[in-house]
Amino acid sequence: MTTFKYEAQSSSGAKMTGVIEAYDRLDAIAKIREQGGVVTKISESTKKAGGSLLGPKKISEKELSLVCSQFSIILSSGLPLVRTVELVANQTENKDLKLLLTEVAHDVAAGHSLSDSFQDRGTTLPVTFIETIRAGEKSGNLEQSFSRMQTYYEKSAKTKGKVKSALTYPAFVGVVSVVVIVIIMVVAVPMFKSTFEEQGGELPVPTKMLIAMSEFMTKHFILLAGIIAAIILAYRIFARTDVGREKIAMFMLNMPVLGKVNSMNCASQFANTFVNMFSADLTVVEAINVTGKVINNYVVSRAVLEMNAGIEAGRRLGDCMRDIEYFPDLLKEMTAVGEETGSLETTLGITAEYYDNEVDLATTKATALIEPLMIVFLAVFVCFVLLSVYLPMFSMYDNVD
């Protein structure tokens, strides 16, 4: 449904203004007429359901896991769907999600399906959420669909949490290093420079280099900040283009240390999402279509979506996956074996668990390599600064003697 702003005139001639939600403009006009108003002006509102004027907020996987758990439990008690949605909405603390569920409850009460209502209103909802609900409605197993999604989103949130936790310390060290370097170059070095100039004499080469870098940063600080901001802005614009997304995705997959982590993360996303979709009674083509949209690497995502052409042409899933070079060989072989033995869901479920653990271990190993490199870089810089400061002092002591 869509939100419309309107201006109308009542039967008594009074001016009416407000907002109303309807499936289209004609539906909105009909609802306003039922309220006794004659529409004089109507337009679609820029404010979407479940969001704000600044744009809809993304609903976290942890919140989705909790909502799915509530849906599964309440539906298993035998309550009607409309009442179930209302109860889940009342128990939800997230204001945007509460508003979304309240509106969905109104739609379901009006006779619309749960999946269509979520799709029309849930601009921040993942495609896996909507398609699993739709599959559950078709099969009559809506309760099981929510139970599977609860497990899926809970596992995904834990995996991402582990990766985020592993990267927190290196990121912190990196930020601290940049702040320390800027303070030393902009604040500390100019103080030493004035002291050295008062003493006179020829300065050592390291000291001259440090002073020159400090003067450059001090004089052109605003320019440097502007250049950095321009680079960030240009990167963000470039990343929104198809060429940019492809180049960045290829770079992420070919990085020396993190490339393997990204590859295994794509394998984990594929296995977990495909199992969830396939177990929800979606066809292989439908499951691949949803899975491809979930994978966060553009190159791999596009390659997965292109597999549908081969599957529709009669090729097996395992054979199509062998064409994707960035998928690990184990994932390809396990998929082929599961397909041949008729245990694809079970086989990929085990594979998903394996790659979840591998992503965690690989991330930990990668950060274990990155942390010493950052510390060494910072130590070398500090040693260079100390050397540049103490060398002139030694020369001053020699001159005094």
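So, here is what we can say about the structure in this document. (Residues numbered from 1 in each chain as written. Predicted model: local features only at pLDDT ≥ 70, side-chain atom pairs only at ≥ 80, totals over all residues. Heavy atoms only, no water.)

1. Section: the overall build of the protein
Thinking step 1. If you tally the helices and strands in the protein, you get 16 helices and three strands.
Thinking step 2. Here the C-alpha radius of gyration of the protein, 30 Å, is well above what a compact globule of 401 residues would show, namely 21 Å.
Thinking step 3. Across its three principal directions, the C-alpha atoms of the protein cover 100 × 75 × 40 Å.
Thinking step 4. By the burial criterion, 39% of the 401 residues in the protein qualify as buried.
Thinking step 5. Within the protein, contacts between residues at least 6 apart in sequence are counted, and of these 57% link residues at least 24 apart.
Thinking step 6. Taking the average place of the 38 positive charges on the side chains of the protein and the average place of its 44 negative ones, the gap between the two points comes to 5 Å. (Helix = DSSP H or I, 4+ residues; strand = E, 2+ residues; numbered from the N terminus. Rg over C-alpha atoms; globule rule 2.2 N^0.38 Å. Buried < 20%, exposed > 50% of the residue type's maximum accessible area, 1.4 Å probe, protein only. Contact = heavy atoms within 4.5 Å. Lys, Arg positive; Asp, Glu negative; His and termini not counted. Charge placed at Lys NZ, Arg CZ, Asp CG, Glu CD.)

2. Some details on unusual backbone geometry
Thinking step 1. The backbone of aspartate 281 shows a phi angle near 75°, a positive value even though the residue is not glycine.
Thinking step 2. Along the chain, aspartate 281 turns up in the loop between helix H11 (258-279) and helix H12 (284-294).

3. Here's the deal with the packing of aromatic side chains
Thinking step 1. Evaluated as defined, the whole model comprises eight aromatic pairs.
Thinking step 2. Relative to tyrosine 355, the ring of tyrosine 354 lies with its centre 5.0 Å away and its plane at 75°, an arrangement referred to as edge-to-face.
Thinking step 3. Accessibility expressed as a relative area gives 3% for tyrosine 355, which makes it buried.
Thinking step 4. A connected cluster of aromatic rings, assembled from ring pairs, spans Phe71, Phe118, Phe129 and Phe146. (Phe/Tyr/Trp six-rings, centres within 6.5 Å; stacked < 30°, edge-to-face > 60°.)

4. Overview of the layout of surface pockets
If you roll a probe as big as a water molecule over the atoms, it shows you where there is empty space left.
Thinking step 1. In this structure, the largest pocket occupies an estimated 1,200 Å³ of space.
Thinking step 2. Surrounding the largest pocket, 45 residues form its lining, Lys160, Asn265, Gln269, Val294 and Asn296 being those nearest its centre.
Thinking step 3. Secondary-structure elements contributing two or more residues to the lining of the largest pocket are helix H2 (61-76), helix H6 (127-139), helix H7 (142-199), helix H10 (242-254), H11, H12 and helix H16 (344-400).
Thinking step 4. Of the residues in the lining of the largest pocket, the class split is 23 nonpolar, 14 polar and eight charged. (1 Å grid on protein atoms, 1.4 Å probe; cavity = no way out; pocket = protein on both sides within 12 Å on 5 of 7 lines; lining within 4 Å. Points joined across faces, edges and corners; volume = space filled by probe spheres on them. Nonpolar A, V, L, I, M, F, W, Y, C, P; charged D, E, K, R; others polar.)

5. Examining the pattern of salt bridges
Thinking step 1. Tallied over the entire structure, the rule returns 11 salt bridges.
Thinking step 2. Two residues, aspartate 242 and arginine 245, come together in a salt bridge whose shortest N-O distance is 3.9 Å. Here aspartate 242 and its partner arginine 245 are both found in helix H10, three residues apart, which amounts to about one turn of the helix.
Thinking step 3. Owing to a relative accessible area of 48%, aspartate 242 belongs among the partly exposed residues under this scheme.
Thinking step 4. Residue classification places arginine 245 among the partly exposed positions, given a relative accessible area of 38%.
Thinking step 5. Put simply, arginine 302 and glutamate 246 hold a salt bridge, and the shortest N to O gap is 3.4 Å. Residue arginine 302 is located in helix H13 (residues 298-312), and its partner glutamate 246 is located in helix H10; the two are separated by 56 residues in the primary sequence.
Thinking step 6. Residue classification places glutamate 246 among the partly exposed positions, given a relative accessible area of 31%. (Salt bridge = Lys/Arg side-chain N within 4 Å of Asp/Glu carboxyl O.)

6. Some points on the environment of alanine 30
Thinking step 1. Position of alanine 30 relative to the elements: it lies in helix H1 (residues 25-34).
Thinking step 2. The class for alanine 30 is partly exposed, based on a relative accessible area of 35%.
Thinking step 3. Considering only alpha carbons, one finds alanine 30 and glutamate 93, 63 residues apart in sequence, at a separation of 34 Å.

7. A closer look at H2
Thinking step 1. Here H2 is 16 residues long and its end C-alpha atoms lie 22 Å apart, about the 22 Å a rise of 1.5 Å per residue gives.
Thinking step 2. Turning to H2, its buried residues are Glu61, Leu64, Ser65, Val67, Cys68, Gln70, Phe71, Ser72, Ile74 and Leu75.
Thinking step 3. A positive phi of about 95° marks glycine 78, the residue just after H2. (Expected span 1.5 Å × (residues − 1).)

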